[in-house]
Amino acid sequence: MPVQAKIGPSILNADLSNLAAESQKLLDNGADYLHLDVMDGTFVPNLTFGHPMVKSLRNKIKTAFFETHMMVQKPEQWIEPMADAGVNLYTFHVEPVQDVVKVCRQVQESGMKVGLAIKPGTEVQELEKYVSIADVVLVMTVEPGFGGQSFMGDMMPKVKWLRDNYPNLDIEVDGGVGPKTIHCCAEAGANMIVSGTAVVGASDQAQVIREMRDVVHSYLK
Ligand SMILES: O=C(CO)[C@H](O)[C@H](O)COP(=O)(O)O
Ligand SMILES: [Fe+2]
């Protein structure tokens, strides 16, 4: 099936004390899914929230598609709690994991889709052996850990390599993506766009989301 253009705002830099309202606003403004950044203070030098928060959010927002971006040292540890919390797509980094295939299977057996993420320093070919089992691959365009960083355009060859080799793969980019950087992401072949600061901080969220989706759509064959 041909891939679709989807915009998934990251709530990392939103007002987390008001997460349900902030999330609902993003969805009302046209977000296709929510990207929830989970950090454990070990895999990355920052700490956010875990499954209790995601479960509370799910209790308020029943139907939206939730992705958790697991920036954690032991992704296998959080599969069951996140499935129970109502997560739809469990995206984890391959770097700290010994047996990526096994963790992918565990995620899928728990009822979630599985995404595989790579940090800027990781070769895209690392993903090649897992593409057939992954539902989504995520190419980080900043060093994971913090929102509001500058987009790394030199990650685009990874996206292009994936799109050239896997025309029907869901390819996600995350980090510093907004109206100024969406064109090169879309041209390289990304179709799932995570955008935090540029969307959350916009005076007209709906317009920014629509603009980015239109740009991605224009590059899809
Ligand atoms: O995974 C992340 C950081 O590790 C965030 O999803 C990402 O940084 C989004 O925020 P922004 O668009 O502000 O960069
Ligand atoms: Fe993220």
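Located above this text is the structure these notes cover.
Nothing here was measured: the structure is a model prediction, and the numbers come from that model.

Asks: What exactly am I supposed to notice about the overall build of the chain here?
Replies: Looking only at helices and strands, one finds 8 helices and 8 strands in the chain. On C-alpha atoms alone, the chain measures out to a radius of gyration of 16 Å, which is about the 17 Å that the 2.2 N^0.38 rule sets for 221 residues. Along the first, second and third principal axes, the C-alpha atoms of the chain reach 40 × 40 × 35 Å. Taking all 221 residues of the chain together, 52% fall into the buried category. For the chain, the proportion of contacts with a sequence separation of at least 24, taken over those separated by at least 6, is 64%. Of the side chains in the chain, 19 bear a positive and 27 a negative charge, and the two mean positions are spaced by 3 Å.

Asks: In this structure, what is going on with the coordination of the iron ion (ligand 2)? I would like to understand it.
Replies: Under perfect tetrahedral coordination by four donors, a metal shows angles of 109.5 degrees; under perfect octahedral coordination by six donors, it shows angles of 90 or 180 degrees. For the iron ion (ligand 2), the full set of protein donor atoms is His35 (NE2), Asp37 (OD), His69 (ND1) and Asp174 (OD), and the range of their distances to it is 2.1 to 2.2 Å. With 6 donor atoms in place around the iron ion (ligand 2) and angles of 73 to 175° between them, the coordination shape is octahedral. Spacing between the donor residues of the iron ion (ligand 2) along the chain follows H-x1-D-x31-H-x104-D. Of this pair, His35 sits in strand E2 (residues 34-39) while His69 sits in strand E3 (residues 66-71), and the two are 34 residues apart along the sequence. His69 matches His35 in its accessibility class, with the two residues each being buried.

Conventions and cut-offs
Residues take numbers from 1 onward in each chain, read along the sequence in its written order. Written order decides the labels, with chains lettered from A and ligands numbered from 1. This being a predicted model, a pLDDT of at least 70 is required before a residue's local features are given, and a value of 80 or more before pairs of side-chain atoms are given or counted; all residues contribute to the totals for chains, interfaces and linings. Derived side-chain values reflect all non-hydrogen atoms in the structure, with water molecules and hydrogen atoms excluded from consideration. Under the scheme used here, helices are H or I runs from DSSP no shorter than 4 residues and strands are E runs no shorter than 2 residues, and both carry numbers assigned from the N terminus. With the radius of gyration taken over C-alpha atoms, the globule rule is written as 2.2 Å times the number of residues to the power 0.38. Buried residues are those whose accessible area, probed at 1.4 Å on protein chains only, stays under 20% of the maximum for their type, while exposed residues exceed 50% and partly exposed ones sit between those limits. For this analysis, residues touch if any pair of their heavy atoms sits within 4.5 Å. Neither His nor the chain ends contribute to the count of charged residues, in which Lys and Arg are positive and Asp and Glu negative. Where a charge lies is defined by one atom per residue type, namely NZ (Lys), CZ (Arg), CG (Asp) and CD (Glu). Coordination shells were defined by N, O and S atoms within 2.8 Å of each metal, extended to 3.2 Å for Na, K and Ca; water is absent from the atom set, which can make sites look incomplete. Here a site with four donors is tetrahedral if all angles are between 85 and 135 degrees, and a site with four or six donors is square planar or octahedral if opposite donors are over 155 degrees apart and the other angles are between 65 and 115; anything else gets the irregular label.

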